[in-house]
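Here is how the chains run, residue by residue.
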Amino acid sequence: MPDKLHKIKILPLNKEIWIDEITDVREALLKEGIKLKSICGGYSQCGMCKVKIIEGKEFISEIKFLEKGLLGNVFHITKERLSCQLYIKGDITIEIPNN
Ligand code: FES
């Protein structure tokens, strides 16, 4: 098991999970039984697995080309990221949609 683990606080569930730096957030949520909407299975194609970054934006991975194509260049307004493309290097708080 990788030695560096970071905490994700998940709203509105008020649940905390731990994640390493090589697992994407969608996968980490899935392992805890939290399933976000998706039809592409985590390949940055459907744009449905959005989460909102509430705290810790300094610890999130940079947005890459495919994700930017789906979400646009508006993170500074929406605070939304695709969880399947999101990796973290520190503790964060996210909000997931009510499905
Ligand atoms: S699961 Fe489809 S874009 Fe993330």
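Everything numeric in this text was worked out from a predicted model, so none of it was measured.

Visitor: Would you mind showing me how to read the packing of aromatic side chains here?
Guide: Where two aromatic rings form a pair, the distance of their centres and the angle of their planes describe that pair. Overall, the coordinates contain zero aromatic pairs when judged by the stated rule. The residue whose ring lies beneath lysine 79 is phenylalanine 75, and the NZ or CZ to ring-centre distance is 5.9 Å.

Visitor: How do you make sense of the sheet that holds strand S1 (residues 6–11) when you look at a structure like this?
Guide: One key point about sheets: their strands pair by backbone hydrogen bonds, in either a parallel or an antiparallel sense. One open sheet holds the five strands; their spatial order is S2-S1-S5-S3-S4, and the pairing between them is mixed. The open sheet is flanked by strand S2 (15–19) and strand S4 (80–82), the only strands paired with a single partner. Shown here is a sheet whose adjacent strand axes are inclined to one another by a mean of 40°, direction ignored. The pairing of strand S3 (residues 50–55) with S4 spans three bridges and is classified as antiparallel. Looking at S4, one finds that lysine 52 is bridged to glutamate 80.

Visitor: Can you walk me through unusual backbone geometry in this structure?
Guide: What is expected of a backbone is that most residues other than glycine have negative phi and most peptide bonds are trans. Cis geometry is adopted by the peptide bond preceding proline 12, which originates at leucine 11 and carries an omega value of 0°. In this fold, proline 12 is placed in the loop between S1 and S2. Here the phi dihedral of asparagine 14 falls at roughly 60°; this positive angle occurs in a residue that is not glycine. Here asparagine 14 lies in the loop between S1 and S2. Despite not being glycine, serine 44 shows a phi value in the positive range, around 55°. Following the sequence through the fold, serine 44 ends up in the loop between helix H1 (25–31) and S3. Classification of serine 44 by relative accessible area gives buried; the value is 5%.

Visitor: It is not clear to me how the environment of phenylalanine 75 should be interpreted in this structure. Could you clarify?
Guide: Relative to the assigned elements, phenylalanine 75 resides in helix H3 (residues 75–78). For the pair phenylalanine 75 and proline 97, spaced 22 residues apart in sequence, the C-alpha separation works out to 16 Å. With residues near it in sequence (within four places) discarded, phenylalanine 75 still touches Ile53, Lys57, Ile60, Glu80 and Arg81.

Visitor: Quick question: what am I supposed to make of the pairing of strand S5 (residues 92–95) here?
Guide: If a strand is regular, its side chains alternate between the two faces of the sheet. When S1 meets S5, the two strands line up parallel, connected through four bridges. Looking across to S5, one finds that isoleucine 10 is bridged to isoleucine 94. Bridge count between S3 and S5: three bridges; the pairing is antiparallel. Opposite glutamate 55, over in S5, you have threonine 93 as the bridge partner.

Visitor: Got a minute to help me understand the pattern of salt bridges in this structure?
Guide: Pairing between side chains of opposite charge can happen when the charged atoms of each approach one another. Counted under the stated rule, the structure contains four salt bridges. We note a salt bridge from glutamate 16 to lysine 7, for which the minimum N-O separation is 3.9 Å.

Procedures and definitions
- Residues numbered from 1 in each chain as written.
- Predicted model: local features only at pLDDT ≥ 70, side-chain atom pairs only at ≥ 80, totals over all residues.
- Heavy atoms only, no water.
- Phe/Tyr/Trp six-rings, centres within 6.5 Å; stacked < 30°, edge-to-face > 60°.
- Lys NZ or Arg CZ within 6 Å of the ring centre and 35° of its normal.
- Pairing = 2+ DSSP bridges.
- Helix = DSSP H or I, 4+ residues; strand = E, 2+ residues; numbered from the N terminus.
- Axes fitted to C-alpha atoms, helices over the stretch in contact; angles between N-to-C directions.
- Buried < 20%, exposed > 50% of the residue type's maximum accessible area, 1.4 Å probe, protein only.
- Contact = heavy atoms within 4.5 Å.
- Salt bridge = Lys/Arg side-chain N within 4 Å of Asp/Glu carboxyl O.

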